[in-house]
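Read off the chains here:
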Amino acid sequence: MMFRTEIKIDKAPFEIDHSTKIVSIGSCFANMIGNRFKTLKFNVQANPFGIIYDPISQCRLFGLREIIDREESYYSRDGVVFNHYLHSDIFETSIDGLKGKIEQLA
């Protein structure tokens, strides 16, 4: 009698080594995995724009220029400027400052 389902997983058509560039985007799980890769000295960017759960926002990150240039994606609260598509950890005191920060993160 088997107490678990055994699944045969084929080898991936690619390999990851320390010269592979890796980007980890998404939830806190993606953040933890990315940080684990960093600890192991892999070339990885782990959630450079903060934790982002929304898949539409994640997809928009691949068109980062659109996020930076879209003025309506910025909002201000108590003198602090945020972008709707990025985590609230990414902020500045001006739209131009935030645009510059986003450029640096990219």
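Use the structure listed above.
Residues numbered from 1 in each chain as written. Predicted model: local features only at pLDDT ≥ 70, side-chain atom pairs only at ≥ 80, totals over all residues. Heavy atoms only, no water.

Trainee: Quick question: what am I supposed to make of the environment of Lys99 here?
Mentor: Inspection of the secondary structure assignment puts Lys99 in helix H4 (residues 95-105). For Lys99, a relative accessible area of 18% translates into the label buried. The residues contacting Lys99, other than those within four sequence positions of it, are Ile68, Glu71 and Tyr74. (Helix = DSSP H or I, 4+ residues; strand = E, 2+ residues; numbered from the N terminus. Buried < 20%, exposed > 50% of the residue type's maximum accessible area, 1.4 Å probe, protein only. Contact = heavy atoms within 4.5 Å.)

Trainee: Help me out: how do you make sense of the packing of aromatic side chains in this one?
Mentor: Two descriptors summarise a pair of aromatic rings, namely the distance from one centre to the other and the angle between the planes of the rings. According to the stated counting rule, one finds three aromatic pairs in the structure shown. Through a chain of ring-to-ring contacts, the aromatic side chains of Tyr75, Phe82 and Phe91 assemble into a single cluster. (Phe/Tyr/Trp six-rings, centres within 6.5 Å; stacked < 30°, edge-to-face > 60°.)

Trainee: Looking at this model, I keep getting lost on H4. Mind explaining?
Mentor: Since there are 3.6 residues in each turn of an α-helix, residues three or four apart along the chain are aligned in direction. Those residues of H4 lying buried are Leu98, Lys99 and Ile102. Buried residues in H4, looked at end-on, bunch into an arc of 105 degrees, giving them a common side. Exposed residues pointing more than 90 degrees away from the buried face of H4 are listed as Asp96 and Gln104. Buried residues along H4 sit in contact with helix H3 (64-69), strand E3 (74-77) and strand E4 (80-83). (Arc of directions from axis to C-beta.)

Trainee: Would you mind showing me how to read the pairing of E3 here?
Mentor: Put simply, side chains in a regular strand alternate between the two faces of the sheet. Where E3 and E4 come together, four bridges link them in antiparallel fashion. The residue bridging Tyr74 from the neighbouring strand is Asn83, located in E4. Linkage of E3 to E4, two consecutive antiparallel strands, is achieved through a turn of two residues, within which Asp78 is found at a positive phi near 50 degrees. (Pairing = 2+ DSSP bridges.)

Trainee: Got a minute to help me understand the environment of Glu103 in this structure?
Mentor: Along the polypeptide, Glu103 turns up in helix H4. The spacing of Glu103 and Lys11 is 92 residues in sequence and 37 Å in space, taken between C-alpha atoms. Setting aside its immediate chain neighbours within four residues, Glu103 contacts Arg65 and Ile68.

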